[in-house]
Amino acid sequence: MTEDNFAIQNKRLYEQLLRLTAGDYQAFLYDCDGTLADNMQAHKDTYVKVAAGQGITIDPAIVDEFAGLPIPAVVVEINKRYGSSFDPEAFERSKSELFYHEFISETKPVQFVVDHLVAHAGKVRIGVVSGGSRKMIQKTLEVLQIDHLVEVLVCADDTGKGKPFPDPFLLAAEKLGVAPEHCLVFEDGVPGVQAAEAAGMQWVRVDEI
């Protein structure tokens, strides 16, 4: 895609997102990976590389299937699917280190979603709610140059239950001082949407725009 074509497509997607998010919202809560950050292929590559290091070949599509779940929960699903015995916490540590040192600096924005966040910062409250580690998500937001616009960051270790449970979104709303019904969630996966609905929040699937 040429630069001009990318700009035209991004403008069209951005305008469509603006229409979908018009309303009396007081807070926008964005997922990070796959929603603000175009890094899902890199995440899939790290899952595959860590698994291969222990002799298991996995189909990276399983990561899409369980997008939005915390890494240990995805590893549990990998174990079920492949009969493997990965320790979820050890796998997460290996994957996170690999991603942090080899991939994160190359993170690109999902431009129309990042543009949407930037345009609304200071007008509505801004939160990022992710199943990733705080270290990883904070660094990703820094690479995208939007960390200074995010008022509240809720990550994997901040709640006992992650997506698809409502706890992360409810915590973000509480920290922002906004009632759940006045929050709009931006997601790219089923668990995130389920969490938003369970929290009593409206949602948008940015990957379906």
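For the structure itself, look to the data block above.
On a predicted model such as this, the values are computed, not experimentally measured, just so you know. (Residues numbered from 1 in each chain as written. Predicted model: local features only at pLDDT ≥ 70, side-chain atom pairs only at ≥ 80, totals over all residues. Heavy atoms only, no water.)

1. Description of the nonpolar core
With 27 residues, the main nonpolar core has Phe 28, Tyr 30, Leu 36, Val 113, Val 128 and Leu 141 as its most contacted residues. Within the residue set of this core, elements represented by two or more residues are helix H1 (3-20), strand E1 (27-30), helix H6 (111-120), strand E4 (125-129), helix H7 (134-143) and strand E6 (183-187). Core analysis: the second largest hydrophobic core is formed by 17 residues, Ala 27, Ala 173, Val 178 and Cys 183 among them. (Core = buried A, V, L, I, M, F, W, Y, C linked by side-chain atoms within 4.5 Å. Buried < 20%, exposed > 50% of the residue type's maximum accessible area, 1.4 Å probe, protein only. Helix = DSSP H or I, 4+ residues; strand = E, 2+ residues; numbered from the N terminus.)

2. A few points about the pattern of salt bridges
Tallied over the entire structure, the rule returns twelve salt bridges. Across the pair Lys 80 and Glu 77 runs a salt bridge, and its minimum N-O distance is 3.5 Å. One end of the pair is Lys 80 and the other is Glu 77, both in helix H4 (residues 71-82) and three residues apart, which spans about a single turn. A salt bridge links Asp 158 to Arg 134; its shortest N-O distance comes to 2.7 Å. Of this pair, Asp 158 sits in the loop between strand E5 (152-154) and helix H8 (167-176) while Arg 134 is found in helix H7, placing the two residues 24 residues apart along the sequence. Arg 134 sits in the partly exposed class, given a relative accessible area of 38%. Beyond isolated ion pairs, a larger network of salt bridges with shared partners links Asp 31, Lys 163 and Glu 187. (Salt bridge = Lys/Arg side-chain N within 4 Å of Asp/Glu carboxyl O.)

3. Things to note about unusual backbone geometry
Note the cis peptide between Lys 163 and Pro 164, where omega equals 15°. By secondary structure assignment, the location of Pro 164 is in the loop between E5 and H8.

4. Digging into the packing of aromatic side chains
Across all of its chains, the model carries seven aromatic pairs by this definition. Here a set of aromatic residues connected by ring pairs shows up, and it is made of Tyr 25, Phe 28, Tyr 30 and Phe 186. A cation sits over an aromatic face here: Lys 95 above Tyr 47, 5.1 Å from the ring centre. Its end group placed over the ring of Phe 165, Lys 161 keeps NZ or CZ at 4.7 Å from the ring centre. (Phe/Tyr/Trp six-rings, centres within 6.5 Å; stacked < 30°, edge-to-face > 60°. Lys NZ or Arg CZ within 6 Å of the ring centre and 35° of its normal.)

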